[in-house]
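Coordinates in review
What follows is the residue order along each chain.
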Amino acid sequence: VQLQACGGGLVQARGSLRLSCAVSGIRFSEYAMGWFRQAPGMEREFVAAVSWNGGISDYADSVKDRFTISRDNAKNTVYLQMSSLKPEDTAVYYCAADSIPVAATSTLLGYDYWGQGTQVTVSS
């Protein structure tokens, strides 16, 4: 199983980035997907999640109305569109797969597979 996250980089505050996570080795459409992030010295935290068909989504309060999670089951890819970025969004962003397809859980332990992470740095 591979989850390959990409799209991170350096962006100025109030800018935008779109992260992608390409998944292989599982039946992507049978998994819910999530994004988490981890800043230096901090615990990994929930960002957003989406159910198998996109019908259910959930967001951390800190990113609501700024970030949008979506998925394309034909491409086995989940996305995180990030707008109005703030310096406090700086972190390594990880995608994860949950074998309960209808879930959009914020709990780390609910996920079965994890990607390697992509760095997002927001400058002020």
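We now turn to the structure provided with this report. For clarity, every value in this text was computed on a predicted model and none was experimentally measured. (Residues numbered from 1 in each chain as written. Predicted model: local features only at pLDDT ≥ 70, side-chain atom pairs only at ≥ 80, totals over all residues. Heavy atoms only, no water.)

This part covers the sheet that holds strand β3 (residues 17-24). Hydrogen bonds between backbone atoms are what pair the strands of a sheet, whose relative direction is either parallel or antiparallel. Strands sit in the order β1-β3-β8-β7 across an open sheet of four strands; the sheet is antiparallel. Only two strands of the sheet have a single neighbouring strand rather than two, namely β1 (2-6) and β7 (67-72). Adjacent strand axes in the sheet meet at a mean angle of 15 degrees when their direction is disregarded. Pairing of β1 with β3, which is carried by five bridges, proceeds in the antiparallel orientation. For L3, the partnering residue across the bridge sits in β3 and is V23. (Pairing = 2+ DSSP bridges. Helix = DSSP H or I, 4+ residues; strand = E, 2+ residues; numbered from the N terminus. Axes fitted to C-alpha atoms, helices over the stretch in contact; angles between N-to-C directions.)

What follows deals with unusual backbone geometry. The phi dihedral of D65 falls on the positive side, at around 75 degrees, and the residue is not glycine. Residue N76 is not a glycine yet carries a positive backbone phi of 55 degrees.

Now for the side chain of R66. Positionally, R66 belongs in the loop between β6 (57-59) and β7. You can call R66 buried: its relative accessible area is 11%. Polar side-chain contacts of R66 include one of 2.8 Å to the backbone oxygen of S62. Within the structure, R66 has its side chain in polar contact with the backbone oxygen of S84 (distance 2.9 Å). Once residues lying within four places of it in the same chain are set aside, the contact partners of R66 are Q81, M82, S83, S84, L85, K86 and D89. (Buried < 20%, exposed > 50% of the residue type's maximum accessible area, 1.4 Å probe, protein only. Polar contact = N/O pair within 3.5 Å; in protein donor to acceptor, adjacent residues only side chain to side chain. Contact = heavy atoms within 4.5 Å.)

This next bit is on the pattern of salt bridges. Overall, the coordinates contain five salt bridges when judged by the stated rule. For R37, the salt bridge is made with E45, and the minimal N-O distance between the two is 2.7 Å. By relative accessible area, which is 36% here, E45 ends up partly exposed. Two residues, D61 and K64, come together in a salt bridge whose shortest N-O distance is 3.3 Å. (Salt bridge = Lys/Arg side-chain N within 4 Å of Asp/Glu carboxyl O.)

On the surface, W52, I100 and V102 cluster together into a nonpolar patch covering about 290 Å² of accessible area. Within the fold, W52 resides in the loop between β5 (45-50) and β6. On the basis of relative accessibility, which here comes to 36%, the residue W52 falls in the partly exposed class. (Patch = residues over 30% accessible without salt bridge, like charges linked within 9 Å, V, L, I, M, F, W, Y side chains within 5 Å. Areas by Shrake-Rupley, 256 points an atom, 1.4 Å probe, with all protein chains shown as cover.)

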